[in-house]
Each structure stands twice: as structure tokens, then as C-alpha cells.
Amino acid sequence: MSQPLLSLKGLTKAYPGVIANNDISFDIGAGEVHALLGENGAGKSTLVKMIYGLVKPDSGTMTLRGDAYAPAEPRAARADGIAMVFQHFSLFDALNVAENIALGMENPPPMRDLASRIREVSETYGLPLDPFRTVGDLSAGERQRVEIIRCLLQDPKLLIMDEPTSVLTPQEVEILFKTLEKLRAEGTSILYISHKLEEIRRLCDTATILRLGQVVGGCIPRETTARDMAEMMVGSALKTPERSGRALGEVALDISGLSVASPAEFGTALKNLHLTVRQGEILGIGGVAGNGQEELLGVLSGEIPTEAEAVKLAGQPVGRMGPTERRTLGLLTAPEERLGHAAAPDMSLTENALLTGAVREKLEHRGFLRWGAARAFAEKIIAEFDVRTPGPENAARSLSGGNLQKFVIGREVLQDPDVLVVNQPTWGVDAAAAAAIRQALLDLAANGAAVICISQDLDELMEIADRFAALNEGRLSEPRPTEGLSVDEIGLMMGGAHGMEVANV
Amino acid sequence: MDLSGINPVLLIASLMVAATPLLLAAIGELVVEKAGVLNLGVEGMMITGAISGFAVAVETGSPWLGFLAAAAGGALLSALFALLTQVALANHVASGLALTLFGLGLSALIGQSYGGQKPPAMAKIDLGPLTDLPVVGPILFGHDPILYLGIAIVAAVWALLKFTRLGLILRAVGENHEAAHALGYKVVRIRVLAILFGGACAGLGGAYISLIRVPQWTDGMTAGVGWIALALVVFASWKPWRVLAGAYLFGGVTVLQLNLQAAGIAIPVEYLSMSPYVITVIVLVILSRDKSSAPGSLGRIFHASS
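Definitions and cut-offs
- Residues numbered from 1 in each chain as written.
- Chains lettered and ligands numbered in written order.
- Predicted model: local features only at pLDDT ≥ 70, side-chain atom pairs only at ≥ 80, totals over all residues.
- Heavy atoms only, no water.
- Salt bridge = Lys/Arg side-chain N within 4 Å of Asp/Glu carboxyl O.
- Helix = DSSP H or I, 4+ residues; strand = E, 2+ residues; numbered from the N terminus.
- Buried < 20%, exposed > 50% of the residue type's maximum accessible area, 1.4 Å probe, protein only.
- 1 Å grid on protein atoms, 1.4 Å probe; cavity = no way out; pocket = protein on both sides within 12 Å on 5 of 7 lines; lining within 4 Å.
- Points joined across faces, edges and corners; volume = space filled by probe spheres on them.
- Nonpolar A, V, L, I, M, F, W, Y, C, P; charged D, E, K, R; others polar.
- Pairing = 2+ DSSP bridges.
- Axes fitted to C-alpha atoms, helices over the stretch in contact; angles between N-to-C directions.
- Contact = heavy atoms within 4.5 Å.
- Phe/Tyr/Trp six-rings, centres within 6.5 Å; stacked < 30°, edge-to-face > 60°.
- Lys NZ or Arg CZ within 6 Å of the ring centre and 35° of its normal.
- Buried area = accessible area lost by both parts, 1.4 Å probe.
- Polar contact = N/O pair within 3.5 Å; in protein donor to acceptor, adjacent residues only side chain to side chain.
- Lys, Arg positive; Asp, Glu negative; His and termini not counted.
- Patch = residues over 30% accessible without salt bridge, like charges linked within 9 Å, V, L, I, M, F, W, Y side chains within 5 Å.
- Areas by Shrake-Rupley, 256 points an atom, 1.4 Å probe, with all protein chains shown as cover.
- Parallel < 35°, antiparallel > 145°, perpendicular 65-115°, else oblique.
- Core = buried A, V, L, I, M, F, W, Y, C linked by side-chain atoms within 4.5 Å.

Chemist: Give me the pattern of salt bridges: which residues, what numbers.
Modeler: Oppositely charged side chains can pair when the atoms bearing their charge come close. Residue and element names in this part refer to chain A. Summed over all chains, the structure comprises 23 salt bridges over all chains. Glu-147 is the salt-bridge partner of Arg-150, the closest N and O atoms lying 3.9 Å from each other. Remark: Glu-147 and Arg-150 occur in helix 5 (residues 140–152); sequence separation between them is three residues, near one turn of the helix. According to the relative accessible area criterion, Arg-150 is buried, its value standing at 3%. Among the residues examined, Glu-147 registers a relative accessible area of 1% and is labelled buried. The salt bridge partner of Glu-281 is Arg-467, with a shortest N-O separation of 2.6 Å. Here the residue Glu-281 occupies a position in the loop between strand 12 (270–278) and strand 13 (282–286), and Arg-467 occupies one in strand 21 (residues 467–472), the gap between them amounting to 186 residues.

So this is what it looks like as C-alpha cells:
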């Protein structure tokens, strides 16, 4: 450990209007798991892109094993033993596992040899994988295995992992950690990026914390509390959402015997779903992405029509109704994908406010739009939800992810829904904004609305939900009160580890 | 009405000729679309190939040089499309439509003095005893070399896409250009090369009409074959051998309905004329009912974000 594997000195990268990285320096030792922490927009992604050769630094130097290191492209980085598992998987849905892996290698062996090497490596590291399956049919956990094995086949010295656990079940996380620990024991260094501080405390040897493009400190995660690390990231004290005791009212939404095919090519059909939500209650629905979450939201929003009796709003069958009719009746939804589904990227915030608020906020009159009222509504959302933007005339695309998410959730919450369905309300949102959104959902429930929160963030569901159910391959488990629910029980509800094995260390 | 005048052997032999322009244009477009680019300018590239091939063949007296010029002409026009969509990041659909209109106009301009001329004929290959075989001879061994080239290109494209690394990279770029870029592949370079290949194939297809099938020059003589080629690629689910089958089906019905017209069958001519389109579409729609697999990034503009 005398000489670090990779050392960064004074790395700086500026984009028009923003300095993404400012004078970043730190070392990654050999055989060390090094955590990189920071909020959204702190510059973590830009930094790893520079290490991986996707982005060239404006100034500063990198030294790899004592030699100057300046990769011109990812190929050069891979040749020097640096591999990366991307946050948004860089996989090709229509190709099979072996083809996907071959694309990430410099000199792939013929397909048959490659297939047997994939089997060999995947078994060594406890990540079973069939080389000839089409990637589009795999679960998120399996897709990640494809990426990891693609890296491992190149025998990397440094493995970069960008938010690897955000899509995994607790059991899958456990298996991933075993694999990473085995790699560390073999002398591979790992640069680990994550929001999840408890994971970092468990896995990582050292941590570097970024804020607004600068290194604000480092720590030994095992000796630091999660709260301290979070406050270093945010730069101020953290507020935790508060639950207030509330009485449950009538059944607000009732789904019974709902089965529906997915309209998407690689989607999941919903199979015989039953659930009820009462006024003032928050129902949390967990599960790994791609197990029917999108479809459930579609069924509730009215994008996917079902039998009329399958979905009942306060006793009234609404299964055949479209989104606008449901909105009139008080059933509002906020889908997962911010740009393109929840908001139209190139339209202004005023226009976006109009798109879902027209009926309930009376922003139209006999087919004519009331621009003044729409603008006022948009401004109200911006003010009440602390959306950071110069004004409502800005395009939705120009907002950062967290700000747009606050706008999208705020737009529905302020329409005073009877039932609100949200999918991944805090996905990719930093800690402070996530806390604000959760608080808004809790307040809404306290005022008597029923809330369904679909999320992959289990901590979030445990924090706000009264009852918890899990979606697994289109089936919904029996909802259970969140109080006293253990991680193991949740894992089992989520369908276990999808046939994963623990590494034979 | 006299159906005995229709000779099945000659029918098959001539359907292969009728199908070749479509086949060449469609296999080129298949490669382009596999790389994630939607080039609607096939008709324009075909007609440009038709006139450049015709002009060069007439001026030099060599049909081979004519076909070479046709491929170059088609590729040159497609280079304009590549410039618009890959460098200037223009919309694929609008650029492709403009390319067709531009090609039609340009070919009419170049072709002004070539009306009524006769191009030099390309010799059919003669394999002696093989060509003299009954039935098999005229069908398999009695055609011009370009027809065989067309089939060879289909086989080569199939093998390239299925067995080679280059084919894998091409498919990857078409499937998810952001991921391909993240892995360090040159998305734009691969797409430009695919576009040029598609242009050259479309040019060859156009010249096949003006030099062999018709053979003469008239304005707008490709008469919509480029559009059929575009539809064929989609209905063939982006599979090379299905493109071949679809092209032969279309060629077959075209030739058959002409024969039926000549035989004086009691069906209005208009129905017969539309039959190749209707039958090809119906058959291919039924074939493509399995998971139709458009390349994931088809027609989307790629802009490297770093």
C-alpha cells in the first residue's frame, strides 16, 4: 500500500455555466474499496467519466501505478485495467448476454469459447448467468451481473461502480457485496459510488466526499455515522420527515382481481392483483424495477384500460375511464419517468402545470385556456415546493432532476387529490429534496387523502408507508403493516434473490 | 383467355430479374436501419444511380463502368444525407424525404439528353452445358452478373451481421447508441459507412432498372420501387433472407400479373396492377407477426454528450 494504484491531482472540468469538478485530488490504494459520496450534481459522474476516458479534464493529472495516465478513450482505459459498471446499464436489449459481453472487450474470443468463459467466471464469483439469453428478458439484478462479468473478464485492476445497488433486492445486494469482497481479497481496487450510506459503512475502506464539484473531506466510513456523512454531503443539518398519528377513513381505492397484459414489448403482465387503500393511509409498494410497477401505475392512471369493476374509486367502478375522467373524480398519478411521461421536456412549466391541472384547477373554460390562472398555478407549485428555477416560463428539460421531481409531485399534491399514486417519487433526487417530497406525501395523507407510493427505495417506504406490499413478476404480495417488518421478510416478499447464489468464497 | 401462353420457367427467370432492383435497394436499407438510421431517400438514391449508371454506360460503352458509377452516384447522394443527419444532426425523416425529391430532380436534369438512347447491353453469363439444362438452366444459370451480385450481397450481409464482430458492433450501434458510445465505439463513423453502403446498393438497384430491366432512360423510371424497398425492410423484420423472399414474392406477382394481363384474363387491369403491392404487404405482415424487432435507436438523433 506504499504506492497508490491511482492518484488524482487537481482535476478540473468546466462545462458552460458550471464547474463540474474543481481541483479534485485523492488517491485510491491497491486492493481498497473507496467510496465516492455526494449529492446529485456534486460532480461524481463527471469525475468517473474522466477516469474512464469518456471526458477529458481541462487541467490536472492522473497517475496510475506511478506512470502518467491520460486515457483518450474508454478503450485505452480498459487496456490499462480500468473497468466500469454504469448506473444506467450500458446494455443492448435485443442482443444476448455473450454478444453484450463481447462488445465490451478488446479482443473477444470466438463465441463458443466466450460462452464457456462466461459460465466459468460467473460461477467463480457466484453470479450465475446463461450466455445465450436475450438481455431484454433479464431482471435488473441479472442485467447488472452481465455488466460485472463483462468487467471481470478483462481482469481489471480498478473497478468503478456507479450506484450499483439502487435496483437490487436486499438479497441481491448481499450477493453483490460478497462478490466485491472476494475481488478486494484478490487485490482489485473498487471505486464505489452510492447514496446509500449504510452500505458504504459496511463495504468501503475509505471515502471521499464531494460537494458542488469540490472535495469537502474524507473519512473512514466504519468509524463515521451515516448521519455525519450525510451532513458532510449536504453541508447542513438534515431534517427527517415526521409522521403524525392519523385516523384511517373509508376505503378510497379498491382493486380486486385485476389481471392485465403489458402493452410494452419487454413488460410484465399484472396477475390477479388485490389491494385496498383507506383515506389517510399510505400504502408502500416495493419490488425490483420491471416487476409490474409501470403497468400498475398505468392501470391506476387510466393509460391501461381494465374491466370496469377491477378498479373502484370510493365504490365507483372506474376501470374503463381515461385519465381525465379519473382526475375529475380525484384519482391523480405521478409516473416515474420525469422527462417524457410525467412532464413534456420542451414545454414550459406553465404548460406542464396545465397538462394535468386543467380540470381540477379550472385552467380551461369551454375549450379555451386560461393562461393567467395556469401561470399562477405553476408559480404556486414553484413557491410551495421550493423548485429552484428562474420562473415558470422555463422548459421542463432545463430543470435538474430533483427540482423537476419536486415540481411534478407538487403539481399533483396541490390539486388536492382524494387518491394519489406516485411511482419512484425520489428516484435520483438528493437527500434534502427527497425529504421534502416525503414530507409532502405524509402531509397529504394526514389531510385525509389515500396515497400509493411505488418505490424501489425500501428505506423510503419504511419511513412513510403504513402498510407494505411487494410486486414480484406482476403479482402483489399480501400487504403488511410496516411496523416491525424485518429486512429478511421484505426480501422474501420481493421474491427472494431470483435464483442467485452466494459466492463460494 | 389463354393461360397456356404462360411458361412457368420463363416466369421464374423473369421474376428474379424483376425483383433484383428491389432486392438491392432493400438490403442496403436494411444495413442502414440496422445501424439505427432511417433513410427515407432510397427512391432518390435509386433514381440518381439509374441516371449516373445510364450516362456512364452510354458514354463509355461499358455496362460494368455504368454500374460502378451508379454505386458511386448513389453513395455520393447518401453522403449528403450522412452530412445532414450525422454531422448537422438534422431530422432523419425530413432529410430522407428531401433527398428523394432532390434525387428525382437531379436525375431529370442529368437525364435530359439521354432520352430515347439505348445503353450497351450486359452479357448474360454463359456456363455452357449448365445454362443449356432444361428448367434449371434458365432459372439458375442464365442471368446477368448483377443479379447474382444481388444475391451474394444478401448472403454477405446476413453472414456479416450474424457472425462477425463488425456486424455485432453495427447492431449494437443501432440498438442503443448511447451505450455503444459509452463503450467507446465510433457511432457516427459506423453510421456514415452504413449510409454510404445503403446508397451504393440503392444506386446499383436503380441502374439495374435503367441498364438491364427496361433498358432505357425516362424521368422517374424507378416508379416507387424505393418506397417498396423501405416497406419491405420493415415487413421482413430486418432479416436479410426475408428481404430476399419478399422481393421475389413481389417480383413474382408483378411478372405474373403482367402475364395475366397479356393473356386477357377477365379481371380489371387496375386490380391486377395493385396485386403485387397488396399481396406482398399481406404476406409480410403475416410473417412479421412474431416479435418484430426494430433496432432500438432507429431514427433517433445521436449527440455525444461529452
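Chemist: Can you tell me about the layout of surface pockets, naming the residues and giving the values?
Modeler: Residue and element names in this part refer to chain B. Taken as a whole, the second largest pocket holds about 370 Å³ of empty space. Along the walls of the second largest pocket sit 15 residues, with Leu-166, Leu-170, Arg-189, Ile-190 and Leu-193 positioned nearest its centre. For the lining of the second largest pocket, the secondary-structure elements that each account for two or more residues are helix 7 (145–163), helix 8 (165–175) and helix 10 (187–213). If one sorts the elements of the lining of the second largest pocket by residue count, helix 10 sits on top with five residues. Of the residues contributing to the lining of the second largest pocket, the split by class is 12 nonpolar, no polar and three charged.

Chemist: I'd like to hear about the sheet that holds strand 1 (residues 6–15) of chain A, residue by residue, with values.
Modeler: All names here are of chain A. Strand order in the open sheet formed by four strands is 2-1-4-5, and the pairing between neighbours is antiparallel. Since the sheet does not close on itself, it has two edges, and those belong to strand 2 (18–28) and strand 5 (67–69), each with one partner. With direction set aside, neighbouring strand axes in the sheet form an average angle of 30°. Two elements, strand 1 and strand 4 (residues 59–64), share five bridges in a ladder whose sense is antiparallel. From the neighbouring strand, Leu-8 faces strand 4, where its bridge partner is Met-62. Against the sheet, helix 1 (residues 44–51) engages strand 1, strand 2, strand 4 and strand 5, with an angle of about 120° to strand 1.

Chemist: Account for the packing of aromatic side chains, naming residues and giving values.
Modeler: What characterises a pair of aromatic rings is the spacing of the ring centres plus the angle enclosed by the ring planes. With the rule as written, the count across this model stands at five aromatic pairs over all chains. Ring geometry for Phe54(B) against Tyr114(B): centres 6.2 Å apart, planes inclined by 90°, an arrangement best described as edge-to-face. Here the residue Phe54(B) occupies a position in helix 2 (residues 42–60), and Tyr114(B) occupies one in the loop between helix 4 (92–110) and helix 5 (129–132), the gap between them amounting to 60 residues. The pair Phe54(B) / Tyr114(B) is uniform in exposure class, with both members buried. Taking the centre distance of 6.0 Å and the plane angle of 55° together, the rings of Trp158(B) and Trp241(B) count as tilted. Of the two residues, Trp158(B) sits in helix 7 while Trp241(B) sits in helix 12 (residues 240–262), which places them 83 residues apart along the sequence. Classification of Trp158(B) by relative accessible area gives partly exposed; the value is 31%. What links up through ring pairs into an aromatic cluster is the set Trp158(B), Phe163(B) and Trp241(B). Above the plane of the ring of Tyr125(A) lies Lys182(A), whose end atom (NZ or CZ) is 5.5 Å from the centre.

Chemist: So what's going on with the interface of chain B and chain A? Residues and values would help.
Modeler: Interface size is often expressed as the accessible area that is lost when the parts come together. Across the boundary between the two partners, chain B contributes 18 residues, which contact 25 residues of chain A. Buried area between chain B and chain A, both sides added, is near 1,700 Å², and the carbon and sulfur share of it is 58%. Where chain B touches chain A, the interface holds two salt bridges. A salt bridge links Lys186(B) to Glu73(A), with the nearest nitrogen and oxygen atoms 3.2 Å apart. Here chain B is connected to chain A by nine residue pairs in polar contact (both at pLDDT 80 or more). Breaking the side of chain B that touches chain A down by element, the ones donating at least two residues are helix 8 and helix 9 (177–182) of chain B. Ranked by residue count, the leading element in the side of chain B that touches chain A is helix 8 of chain B, at six residues.

Chemist: An account of the side chain of Arg191(B) is requested, with residue identities and associated values reported.
Modeler: Residue and element names in this part refer to chain B. Along the chain, Arg-191 falls in helix 10. Summary of buried charges: Arg-191 has no salt-bridge partner, and the nearest side chain of opposite charge, Glu-178, is 8.8 Å away. At 3.2 Å, the side chain of Arg-191 forms a polar contact with the side chain of His-177. Leave out the neighbours within four places in its chain, and Arg-191 touches Ala-35, Gly-36, Val-37, Gln-86, Val-173, Gly-174, His-177, Ser-297, Arg-300 and Phe-302.

Chemist: Please set out helix 1 of chain A residue by residue, giving values where relevant.
Modeler: The periodicity of an α-helix, 3.6 residues per turn, causes residues three or four positions apart to be oriented the same way. Residue and element names in this part refer to chain A. Most of helix 1 is tucked away, with six of its eight residues classed as buried. Along helix 1, the residues that are buried comprise Lys-44, Thr-46, Leu-47, Val-48, Met-50 and Ile-51. At the C-terminal side of helix 1, Gly-53 shows a positive phi close to 85°.

Chemist: Tell me about a nonpolar patch on the surface, and name the residues and values.
Modeler: A cluster of nonpolar side chains, namely Ile267(B), Tyr271(B), Met274(B), Tyr277(B), Val278(B), Ile279(B), Ile282(B), Val283(B), Ile286(B) and Leu287(B), defines an oily patch on the protein surface of about 870 Å² accessible area. By secondary structure assignment, the location of Val278(B) is in helix 13 (residues 269–287).

Chemist: Lay out the packing of helix 13 (residues 401–413) of chain A against helix 14 (residues 431–446) of chain A in plain terms, naming residues and giving numbers.
Modeler: Residue and element names in this part refer to chain A. Direction vectors running N to C along helix 13 and helix 14 enclose 10°, while the axes themselves pass 10 Å from each other. Between helix 13 and helix 14, the interaxial angle falls into the category roughly parallel. Here helix 13 contributes Gln-405, Lys-406, Ile-409 and Val-413 to the contact with helix 14, which in turn contributes Ala-433, Ile-437 and Leu-444. Classifying every residue of the contact of helix 13 with helix 14 gives five nonpolar, one polar and one charged.

Chemist: How would you sum up the nonpolar core? Please name residues and give values.
Modeler: With 138 residues, the main nonpolar core has Ile101(A), Leu103(A), Leu159(A), Met161(A), Leu180(A), Tyr192(A) and Phe67(B) as its most contacted residues. Looking at which element gives the most residues to this core, the answer is helix 1 (residues 8–34) of chain B, with 15 residues. Counting residues in each nonpolar core, the second largest holds 48 residues, with Ala334(A), Ile409(A), Val451(A) and Leu485(A) among its members.

Chemist: Any details on the packing of helix 1 of chain B against helix 10 of chain B? Residues and values, ideally.
Modeler: Residues and elements named next belong to chain B. Contact geometry of helix 1 with helix 10 gives a least axis separation of 7 Å together with a crossing angle of 170°. Judged by the angle between their axes, helix 1 and helix 10 are roughly antiparallel. Of helix 10, the residues touching helix 1 (which contributes Val-17, Ala-18, Thr-20, Pro-21, Leu-24, Ala-25, Ile-27, Gly-28, Val-31 and Val-32) are Ala-194, Ile-195, Phe-197, Gly-198, Cys-201, Ala-202, Leu-204, Gly-205, Tyr-208, Ile-209 and Arg-213. Class assignment of the residues belonging to the contact of helix 1 with helix 10 gives a composition of 16 nonpolar, four polar and one charged.

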